[in-house]
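Listed below are the residues making up each chain.
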Amino acid sequence: MHIDNIYTAVVKRLNFASIKYLILIKSMNGLYIHIPFCGKVCDYCDFSVLAAPSRLYEEYVTLVLEEAKIRFTMDPPFLGRIQTVYLGGGTPSILPALLMKKMLSGLSELGVPFSQIQEFTMEVNPESAMVERLENAMDFGVDRFSLGLQSLDDSLLQKIGR
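Here's a quick rundown of the structure.

Scoring rules and cut-offs
Residues numbered from 1 in each chain as written. Predicted model: local features only at pLDDT ≥ 70, side-chain atom pairs only at ≥ 80, totals over all residues. Heavy atoms only, no water. Helix = DSSP H or I, 4+ residues; strand = E, 2+ residues; numbered from the N terminus. Buried < 20%, exposed > 50% of the residue type's maximum accessible area, 1.4 Å probe, protein only. Contact = heavy atoms within 4.5 Å. Areas by Shrake-Rupley, 256 points an atom, 1.4 Å probe, with all protein chains shown as cover. Axes fitted to C-alpha atoms, helices over the stretch in contact; angles between N-to-C directions. Parallel < 35°, antiparallel > 145°, perpendicular 65-115°, else oblique. Left-handed = near helix turned anticlockwise from the far one by under 90°. Lys, Arg positive; Asp, Glu negative; His and termini not counted. Salt bridge = Lys/Arg side-chain N within 4 Å of Asp/Glu carboxyl O. Polar contact = N/O pair within 3.5 Å; in protein donor to acceptor, adjacent residues only side chain to side chain. Arc of directions from axis to C-beta. Nonpolar A, V, L, I, M, F, W, Y, C, P; charged D, E, K, R; others polar. Pairing = 2+ DSSP bridges. Right-handed = clockwise from strand over helix to strand, strands pointing away. Core = buried A, V, L, I, M, F, W, Y, C linked by side-chain atoms within 4.5 Å.

Things to note about the overall build of the chain
Now for step 1: In terms of regular secondary structure, the chain is built from six helices and five strands.
Now for step 2: Each helix and strand of the chain, ordered N terminal to C terminal, gives the series α-β-β-α-α-β-α-β-α-β-α.
Now for step 3: Expressed as a percentage of the 162 residues in the chain, the buried residues total 46%.
Now for step 4: If you take every contact in the chain between residues at least 6 apart in sequence, the share linking residues at least 24 apart comes to 69%.
Now for step 5: Of the roughly 8800 Å² that the chain leaves accessible, carbon and sulfur atoms contribute 54%.

Some thoughts on the packing of helix 4 (residues 97-109) against helix 5 (residues 131-139)
Now for step 1: Relative orientation of the contacting elements helix 4 and helix 5 amounts to 15 degrees, with a least axis distance of 9 Å. It follows from the interaxial angle that helix 4 and helix 5 lie roughly parallel. For helix 4 against helix 5, the interelement crossing comes out right-handed. Taking contact as the criterion, the partners of A97, M100 and K101 in helix 4 are, on helix 5, E132, R133 and N136.

As for the side chain of R133
Now for step 1: Summarising the element assignment, R133 is placed in helix 5.
Now for step 2: Of the buried charged residues, R133 lacks a salt bridge, with E132 as the closest side chain of opposite charge at 6.1 Å.
Now for step 3: Ignoring anything within four residues of it in the chain, the contact list for R133 reads S93, I94, L95, P96, A97 and S128.

Remarks on the environment of T121
Now for step 1: For T121, the position within the fold is in strand 4 (residues 119-124).
Now for step 2: Overall, T121 belongs to the buried group, its relative accessible area being 1%.
Now for step 3: The residues touching T121, leaving out its near neighbours within four places in the chain, are V85, Y86, L87, R144 and S146.
Now for step 4: At 3.1 Å, the side chain of T121 and the side chain of R144 are in polar contact.

Some points on the environment of S108
Now for step 1: Along the chain, S108 turns up in helix 4.
Now for step 2: Sequence separation between S108 and F140 is 32 residues; the distance between their C-alpha atoms is 9.2 Å.

Regarding helix 5
Now for step 1: All of the buried residues along helix 5 are R133, N136 and A137. In a view along the axis of helix 5, the buried residues occupy a sector of 100 degrees, so they form one face of it. In this structure, helix 5 carries V131, E132 and D139 as exposed residues pointing more than 90 degrees from its buried face.
Now for step 2: Looking at the buried side of helix 5, the elements it contacts are helix 4, strand 4 and strand 5 (144-147).
Now for step 3: Trailing helix 5 by a residue or two, G141 shows a phi angle of about 105 degrees, which is positive.

Looking at the packing of helix 2 (residues 57-74) against helix 4
Two quantities define a packed helix pair, namely the angle between the helix axes and the distance between the axes.
Now for step 1: Packing of helix 2 against helix 4 leaves a shortest axis separation of 10 Å and a crossing angle of 10 degrees. Classified by the angle their axes make, helix 2 and helix 4 are roughly parallel. Together, Y57, E58, V61, T62, V64, L65, A68 and F72 of helix 2 and L99, K102, M103, G106 and L107 of helix 4 make up the contact between the two elements.
Now for step 2: Of the residues assigned to the contact of helix 2 with helix 4, the class counts are nine nonpolar, two polar and two charged.

A few points about the pairing of strand 5
Now for step 1: Alignment of strand 4 against strand 5, held across four bridges, turns out to be parallel. Residue pairing in the sheet places M122 in a bridge with F145 of strand 5.
Now for step 2: Handedness of the strand 4-helix 5-strand 5 crossover: right-handed.

A few points about the nonpolar core
Now for step 1: Formed by 34 residues in total, the largest nonpolar core has its most connected members in M103, L104 and L107.
Now for step 2: Secondary structure elements with two or more residues in this core: strand 2 (30-35), helix 2, helix 3 (77-81), strand 3 (84-89), helix 4 and strand 4.
Now for step 3: Ranked by residue count, the leading element in this core is helix 2, at seven residues.
Now for step 4: Once residues lying within four places of it in the same chain are set aside, the contact partners of M103 are I33, I35, V61, V64, L65 and L87.

As structure tokens, then:
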């Protein structure tokens with residue numbers, strides 16, 4: 001499947017126009033994987049995210065893997081230069097452990113050298129930081145969690161729509 005067809009399929013399915021440049025970006029020896037889903041889109045958020053039904057998660061993971069295969073085929077030496085991986089969003093920790101495992105296993109099968117990564121970061125929000133999801137991420141080498149904690153003050157959280 002041609003890469004533009006994958007983007008078109010995602011855009012049509014999610015009705016999300018800015019996803020094209022955020023699904024998988026490579027630069028400076030780093031791999032960024034965007035997970036655009038959130039439980040709720042916060043009032044102040046300017047990122048390309050959506051509160052989508054969980055039934056779309058698996059389809060998105062499949063499309064990320066299809067795109068990765070295309071991009072890695074276009075630039076095979078890139079895989080050998082990866083030093084960092086960043087799972088951002090959105091809320092990557094919103095993905096059930098089995099889907100995250102499917103995505104990371106698929107990336108590994110495509111040649112992402114997780115065992116050689118210098119830093120592997122995953123964004124996590126407190127409401128989706130379940131033990132099974134965190135342990136699964138660590139099994140693949142995640143060694144840094146970026147916690148989406150805007151405040152410990154409940155009244156402030158309410159004011160900012162969290």
